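# What the coordinates show
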Amino acid sequence: MTTAETAHSVRDALAGIEIRSQAFIDGEYVPALSGETFDCVTPITGETIARIAACGPADVDRAVRGARAAFEAGSWSRRSPKERKRALGRLASLIEEHGEELALLETVDMGKPIRDARRVDIPLAAECIAYYAEAIDKVYDELAPTDPSAVVMVVREPLGVVGAVVPWNFPLLMAAWKVGPALATGNSVILKPAEQSPLTALRLAELAAEAGIPAGVLQVVPGFGETAGQALGRHPGVDMIAFTGSTEVGKLFLRYAGESNMKRVALECGGKSPHIVTADCDLEAAATAVAWGIFYNQGEVCNAGSRLLVHRSVKEELLERVRKVAEGIRPGNPLDPKTRMGAIVDEAQLERVLGYIEAGKEEGAELLLGGSRALEETGGFYVEPTVLDRVRNDMRVAREEIFGPVLATIEFGDLDEAVAIANDSVYGLAAAIWTNDVNVAHVAARRLRAGVVWVNTFDRGDISAPFGGFKQSGFGRDKSIHALEKFTDLKSIWIQLRQ
Ligand code: NAD
């Protein structure tokens, strides 16, 4: 792939697509009040492809006022569930209809293979919105079983104004996980995409308006975390923050809430998920899952299986098989439909990943595969699939989230040791175990401290299954009917009866 070919493919992909670069506030695209913009750089070539409105506190304040006005007016919040269902259903269809455009925007913006954007990100975002559209006229409130002198209704009400702050690794899908249930329950939503990946969120706002979602109900404020993100987190008019991102920033949102209006906070944060391979399992299937579990989406996956815990009797054989799978996963131009591994989101993240590989080697890990930058001649940001062996669980590469294609291999002797190493982490997002023993499967699944545990598979999910973390991987759950809970408050209405 030459520089010219790659640059050409980016220009071709964007031909005919109007990139939305302004904030979407109160039903229209507007520049930031300051007039400031930031560069949207494609990691495929390192070129700037758009200048995006850099929203700050004044823009966020404007959006909050619009969101509040819409909420109070009831144009969405008091519409019947059936009406909200229709509009959200239309939005899901529009996402599908514009799937190719959204997939191209996603790939150019953050570097994931177009194959994955087409097959995974965009269809799952549409499915998520459709799921909450369908769900909302099928959930019932409750009557409390008090004594018969009263009727006590236990009802769920929308919170009001929800700030959704999302990361760059699955930009549209993470937005859909928040926007779907928050809108379905009647809230007004202000979406703050990551500064690395604002393009699909900005287009989503327009599609939502086309679907009939009223002005002020879904707004998008692009901008930096410390400015736009912090302004949402501290705004007294925001009732809830639904956040997906790093644990470090998740903690900041707890502080913002405490120092402002005690807004509700739901956090989906980082992970360092253990992928346990016992001696008694299908090693070939495990090796494929181990490799894809860390190299999919360039390793930029919150639940990536970044710690391989393998029984010492099968370690050499497993690593040999992982190496064979990994050798078939070469970084390439994300716009090529055959590419299975794309570009790292930006230069800072590239340096961070390479820095961790060096730190691992310095701490005594052995580099088995990869370890270097790739395709530097394109101007883009690519890293080879990397496998480290002889890692100890106290090394930085085992404790800290790298968020790149770097597998850290740790060996164990028995199940107790494997579970102890797996749980020895501040994170608890996901875990997996490969075993043919049903007893081991059940015992380990219960003892592993993680929000999701996979047995004999990895990274499987469904919109009907809750997703989220234990420990410092966060709290609150995305996906499933349970996600509706965090966007609503319970109210007890006590009606005393005359006998
Ligand atoms: P990040 O925490 O740096 O940023 C996430 C969002 O927070 C962005 O919109 C960013 O602009 C904003 N932000 C950054 N600094 C801020 C500040 N000081 N105040 C307010 N807002 C701020 O995370 P990222 O680098 O975009 O994404 C990677 C992280 O996301 C990883 O830790 C990954 O594990 C996590 N993640 C978690 C899940 C999950 O479901 N648990 C899913 C995807 C990603």
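Now for a description of the structure that goes with this document. No experiment lies behind these values; they were computed from the predicted model shown. (Residues numbered from 1 in each chain as written. Predicted model: local features only at pLDDT ≥ 70, side-chain atom pairs only at ≥ 80, totals over all residues. Heavy atoms only, no water.)

## Points about the site of the ligand
Neighbouring the ligand are 30 residues, the closest being Lys192, Glu195, Ser246, Tyr256 and Glu401. Here Trp168 contributes a side-chain N or O atom positioned 2.9 Å from an oxygen atom of the ligand. For the ligand, an oxygen atom lies 2.6 Å from a polar atom in the side chain of Ser246. Burial of the ligand by the surrounding chains reaches 92%, relative to a free accessible area of 840 Å². Along the lines of polarity and charge, the residues of the shell around the ligand split into 17 nonpolar, 8 polar and 5 charged. (Near = heavy atom within 4 Å. Polar contact = N/O pair within 3.5 Å; in protein donor to acceptor, adjacent residues only side chain to side chain. Areas by Shrake-Rupley, 256 points an atom, 1.4 Å probe, with all protein chains shown as cover. Nonpolar A, V, L, I, M, F, W, Y, C, P; charged D, E, K, R; others polar.)

## A word on the pattern of salt bridges
Should their charged atoms come close, side chains of opposite charge can pair. Per the stated rule, a full pass over the model turns up 34 salt bridges. Where Asp394 meets Arg392, a salt bridge forms, and the shortest distance between an N and an O atom there is 3.1 Å. Its salt-bridge partner being Glu400, residue Arg396 comes within 3.2 Å of it at the nearest N-O pair. According to the relative accessible area criterion, Glu400 is partly exposed, its value standing at 29%. Ionic contacts of the salt-bridge type, sharing partners, join the residues Glu18, Arg20, Glu101, Arg203 and Glu206 into one network. (Salt bridge = Lys/Arg side-chain N within 4 Å of Asp/Glu carboxyl O. Buried < 20%, exposed > 50% of the residue type's maximum accessible area, 1.4 Å probe, protein only.)

## Let's talk about the nonpolar core
Membership of the largest hydrophobic core comes to 110 residues, with the highest contact counts inside it found for Leu88, Leu91, Ile95, Leu191, Ile213, Val277 and Leu318. In terms of residue count, helix H6 (residues 171-184) provides more of this core than any other element does, 10 residues in total. Not counting residues up to four positions away in its chain, the partners in contact with Leu191 are Ala164, Val166, Ala175, Val179, Ala201, Leu204, Gln219, Val220 and Val221. The next biggest cluster of nonpolar side chains, apart from the first, holds 31 residues, and it includes Ile276, Tyr356, Val383 and Val406. (Core = buried A, V, L, I, M, F, W, Y, C linked by side-chain atoms within 4.5 Å. Helix = DSSP H or I, 4+ residues; strand = E, 2+ residues; numbered from the N terminus. Contact = heavy atoms within 4.5 Å.)

## Section: the packing of helix H4 (residues 99-110) against helix H7 (residues 199-210)
H7 packs onto H4 with a crossing angle of 155° between their chain directions and a minimal axis gap of 8 Å. Judged by the angle between their axes, H4 and H7 are roughly antiparallel. Seen from H4, the contacting residues are Glu101, Leu102, Leu105, Glu106 and Asp109; seen from H7, they are Leu199, Thr200, Arg203 and Leu207. (Axes fitted to C-alpha atoms, helices over the stretch in contact; angles between N-to-C directions. Parallel < 35°, antiparallel > 145°, perpendicular 65-115°, else oblique.)

## Let's talk about the packing of aromatic side chains
Applying the stated criterion across every chain yields a total of 8 aromatic pairs. Here the aromatic rings of Phe24 and Tyr29 are separated by 4.9 Å at their centres, their planes lie at 70°, and the arrangement is edge-to-face. Comparing Phe24 with Tyr29 shows no difference in burial state: the two are buried. A ring pair is formed by Phe38 and Phe224, whose centres lie 5.0 Å apart and whose planes are at 50°; its orientation type is tilted. (Phe/Tyr/Trp six-rings, centres within 6.5 Å; stacked < 30°, edge-to-face > 60°.)

## Description of unusual backbone geometry
Located in the positive-phi region is Asn297, a residue other than glycine, with phi close to 55°. Inspection of the secondary structure assignment puts Asn297 in the loop between helix H10 (283-295) and strand S13 (307-311). Among the residues examined, Asn297 registers a relative accessible area of 0% and is labelled buried. The phi torsion at Asn456 lies on the positive side, around 60°, for a residue other than glycine. With respect to the helices and strands, Asn456 occurs in the loop between strand S21 (452-455) and strand S22 (470-471).

## Focus on the sheet that holds strand S12 (residues 274-277)
With respect to topology, 7 strands assemble into an open sheet ordered S14-S17-S18-S13-S12-S20-S21, the strand pairing being mixed. Looking at strand neighbours, the two that pair on one side only are strand S14 (366-369) and S21, the edges of this open sheet. Between one strand axis and the next, the sheet turns by 25° as a mean value, whatever way the strands run. As defined by bridge partners, S12 adjoins strand S20 (residues 430-434) across 3 bridges and the pair is classed as parallel. Note on S20: the bridge partner recorded for Val277 is Trp434. In the packing of helix H14 (residues 415-423) onto the sheet, contacts are made with S12, S13, strand S18 (406-412) and S20, and the angle to S18 comes to roughly 145°. (Pairing = 2+ DSSP bridges.)

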